[in-house]
Amino acid sequence: MATPVKVHGPPMSTAVSRVLACLLEKNVDFQLISVNMAKGEHKKPEFLKIQPFGQVPAFEDGGVSLFESRAICRYICEKYADKGNKGLYGTNPLAKASIEQWLEAEGQSFSPPSSVLVFQLAFAPRMKIKQDQVVIKQNEEKLSRVLDIYDKRLGETRFLAGDEFTLADLSHLPNTQYLVGVSGRGELFTSRKNVGRWWNEISSRDSWKKVVDMQKKSA
Ligand SMILES: N[C@@H](CCC(=O)N[C@@H](CS)C(=O)NCC(=O)O)C(=O)O
């Protein structure tokens with residue numbers, strides 16, 4: 001039997017949960033290795049050998065170690081092309097280009113304002129950090145403009161990169177889960193007809209439901 005790949009980090013982390021969702025979609029065995037961030041384990045020399053920026057996740061597959069959740073997901077899809085959901089990263093150049101286009105939109109346009117909101121609305125209260133209402137308002141406005149573009153696109157296709165669920169959709173799950181589920185900002189998504197329909201569909205996948213369960217168990 002193949003040795004399971006290793007994911008270092010807590011499932012509560014958005015970046016870790018992106019990798020977990022990808023592994024579950026691809027039906028790749030993995031071992032989740034706990035990193036106690038409250039104790040600063042992610043800044044220790046041992047951890048910095050596999051994640052030099054001192055962030056989670058770090059990923060290991062045999063002798064290979066990788067960081068950056070989106071790069072890790074691309075690797076998993078390529079390395080385990082024949083396992084699980086085979087269309088997750090596209091099967092021809094045009095499908096791949098469309099997935100890449102929407103992965104870039106996620107990383108460059110969706111992630112910056114949504115990550116600020118996840119921190120301000122979901123994590124700051126838990127960490128007893130004061131929320132900054134000006135920052136919240138600015139980033140809600142930025143995210144709204146992005147979601148207007150998504151709503152138009154999702155009126156034309158079932159998923160972002162076309163009519164199949166792909167890595168591009170998956171990559172949006174972690175931040176959206178916090179905004180819809182925890183922060184009470186669900187309306188940003190559900191008030192938009194096509195975005196709301198898309199969110200219901202992508203968040204109902206078995207792979208994502210398992211990740212949410214893992215998050216609840218580790219909370
Ligand atoms: N772009 C990175 C972001 C990683 C990241 O920001 N991880 C957060 C948790 S979601 C972290 O480790 N924060 C602790 C720190 O930066 O010290 C990725 O996608 O892997």
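Parameters and conventions
Residues numbered from 1 in each chain as written. Predicted model: local features only at pLDDT ≥ 70, side-chain atom pairs only at ≥ 80, totals over all residues. Heavy atoms only, no water. Helix = DSSP H or I, 4+ residues; strand = E, 2+ residues; numbered from the N terminus. Buried < 20%, exposed > 50% of the residue type's maximum accessible area, 1.4 Å probe, protein only. Contact = heavy atoms within 4.5 Å. Phe/Tyr/Trp six-rings, centres within 6.5 Å; stacked < 30°, edge-to-face > 60°.

A. Fine view of the environment of Thr-157. Note that Thr-157 resides in the loop between α5 (133-154) and α6 (167-170). On the basis of relative accessible area, Thr-157 is assigned to the buried category, the value being 13%. With 115 residues separating them along the chain, Thr-157 and His-42 place their C-alpha atoms 40 Å apart. Leaving out residues up to four positions away in the same chain, Thr-157 has contacts with Gly-162, Asp-163 and Arg-197.

B. Representation of unusual backbone geometry in the model. Cis geometry is found at the peptide bond from Val-56 to Pro-57, where omega equals 5°. Relative to the helices and strands, Pro-57 is located in the loop between α2 (45-48) and β3 (58-61). The phi angle at Asn-27 is positive, at roughly 55°, despite the residue not being glycine. For Asn-27, the position within the fold is in the loop between α1 (14-25) and β2 (30-33). Overall, the relative accessible area of 53% leaves Asn-27 in the exposed class. Of note, Glu-68 is a non-glycine position whose phi angle comes to about 80°, a positive value. Secondary-structure assignment places Glu-68 in the loop between β4 (64-67) and α3 (69-79).

C. Inspection of the packing of aromatic side chains at higher detail. For the coordinates displayed, the defined rule picks out 8 aromatic pairs. With centroids separated by 6.0 Å and ring planes inclined at 70°, the aromatic side chains of Phe-59 and Tyr-75 adopt a geometry described as edge-to-face. Here Tyr-75 lies in helix α3 and Phe-59 lies in strand β3, a separation of 16 residues in the sequence. Judged by relative accessible area, which is 1%, Phe-59 ranks as buried. Plain terms: the ring middles of Phe-110 and Phe-189 are 6.4 Å apart, the flat faces sit at 70° to each other, and that makes the pair edge-to-face. With Phe-110 in helix α4 (residues 93-126) and Phe-189 in helix α8 (residues 187-190), the pair connects residues that are 79 residues apart, well separated along the chain.

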